[in-house]
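Structural overview
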Amino acid sequence: MFFLQVDHDIYLKLVEKKEAALLFQLTDYSRDHLRRWLGWVDQTLSIQDTKEFIKIATRKYAERTDLVTLIWYRGKPAGSVSLYDIKWYNYQASIGYWLGKEYEGNGIMTRACRALLNYSFQTLGFHRIELKAAFGNEKSRSVAERLGFQAEGLLRQAEWLQGQFVDLVIYGLLREEWQG
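The notes below deal with the structure included here. (Residues numbered from 1 in each chain as written. Predicted model: local features only at pLDDT ≥ 70, side-chain atom pairs only at ≥ 80, totals over all residues. Heavy atoms only, no water.)

**Things to note about the overall build of the protein**
Each helix and strand counted, the protein has five helices and eight strands in total. N-terminal to C-terminal, the α/β element order of the protein is β-β-α-α-α-β-β-β-α-β-α-β-β. Here the C-alpha atoms of the protein give a radius of gyration of 15 Å, agreeing with the 16 Å that 2.2 N^0.38 yields for 180 residues. In terms of principal-axis extent, the alpha carbons of the protein reach across some 40 × 40 × 35 Å. (Helix = DSSP H or I, 4+ residues; strand = E, 2+ residues; numbered from the N terminus. Rg over C-alpha atoms; globule rule 2.2 N^0.38 Å.)

Pasting the structure below:
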């Protein structure tokens, strides 16, 4: 079971089936806020959808290809930060994250990502972490830039969101650049 204490307010824990109702409630409450940038939100319409997601995440964790965590802030689920598309043979992974609307503006995501990046570079021995964010998603991009990610390019019309294709900025962070 994965557990990572970030600070006195925040910890990261592997998402579990018993938390499906809490995770769905957070998603549903933040639906209008999240759906602009996250296509999966419109596919998550019930607790059963969330349970299925957790089942897949658990399988991928066992296969060592993904690490999907819930961000717990002061005892409540606040969002998620995950490593996915882990390529052990290349010492790299991608990172993705989202936060419920009521939790923004408290530095939660930056702290949670910092802790997971430390774990990725120091414990897992990764050399590179990638991140993709929609060009217009300034909040997500500012988290990446605060953490030291470097914009490496633009993936044109790379994601279908809200009935249109949007450009994604691809970011990279190398272990020797990391200043945890």
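Now, onward.
**Quick look at the environment of Tyr 84**
Relative to the elements of secondary structure, Tyr 84 occurs in strand E4 (residues 76-87). When the C-alpha positions of Tyr 84 and Ile 95 are compared, they lie 6.2 Å apart, and in sequence the two are eleven residues distant.

**Comments concerning the packing of helix H1 (residues 20-29) against helix H3 (residues 47-62)**
With their axes 9 Å apart at the nearest point, H1 and H3 run at an angle of 115° to one another. Here the hand of the crossing between H1 and H3 comes out right-handed. Contacts from Ala 20, Ala 21, Leu 23 and Phe 24 of H1 reach H3 at Ile 47, Thr 50, Lys 51, Phe 53 and Ile 54. Along the lines of polarity and charge, the residues of the contact of H1 with H3 split into seven nonpolar, one polar and one charged. (Axes fitted to C-alpha atoms, helices over the stretch in contact; angles between N-to-C directions. Left-handed = near helix turned anticlockwise from the far one by under 90°. Contact = heavy atoms within 4.5 Å. Nonpolar A, V, L, I, M, F, W, Y, C, P; charged D, E, K, R; others polar.)

**Quick look at H1**
When we look at burial in H1, the residues that qualify are Ala 20, Leu 23, Phe 24, Leu 26 and Thr 27. End-on, the buried residues of H1 take up no more than an arc of 160°, which puts them together on one face. Tucked into the core, H1 has its buried residues touching helix H2 (31-34), H3, strand E3 (67-73), E4 and strand E5 (92-99). (Buried < 20%, exposed > 50% of the residue type's maximum accessible area, 1.4 Å probe, protein only. Arc of directions from axis to C-beta.)

**Looking at the pairing of strand E6 (residues 128-134)**
Strand residues, when the strand is regular, have side chains that alternate between the two faces of the sheet. Burial analysis of E6 places six of its seven residues in the buried class, which makes it a mostly covered element. When E5 meets E6, the two strands line up parallel, connected through three bridges. Within E6, the residue paired with Ala 93 across the bridge is Ile 129. Crossover E5 to E6 through helix H4 (residues 108-123) is right-handed. Strand direction decides the pairing type here: E6 and strand E8 (residues 164-174), joined by seven bridges, are antiparallel. By the bridge assignment, Leu 131 is partnered in E8 with Tyr 171. (Pairing = 2+ DSSP bridges. Right-handed = clockwise from strand over helix to strand, strands pointing away.)

**Remarks on the nonpolar core**
Core analysis: the largest hydrophobic core is formed by 50 residues, its most contacted members being Ile 71, Val 81, Ile 95, Leu 117 and Phe 149. A per-element tally of this core places H4 first, with eight residues. Once residues within four sequence positions are removed from consideration, Leu 117 is found in contact with Ile 95, Ile 129, Leu 147, Phe 149, Leu 173 and Trp 178. (Core = buried A, V, L, I, M, F, W, Y, C linked by side-chain atoms within 4.5 Å.)

**A look at the sheet that holds strand E2 (residues 10-14)**
The sheet built from eight strands is open, its strands ordered E1-E2-E3-E4-E5-E6-E8-E7 with mixed pairing. Of all the strands in the sheet, the pair left with one neighbour each is strand E1 (3-5) and strand E7 (150-161). Ignoring strand direction, the axes of neighbouring strands in this sheet form an average angle of 25°. Two elements, E2 and E3, share five bridges in a ladder whose sense is antiparallel. Across the sheet, the residue bridging to Lys 13 is Leu 70, located in E3. Here H1 sits on the sheet in contact with E3, E4 and E5, set at roughly 100° to E4.

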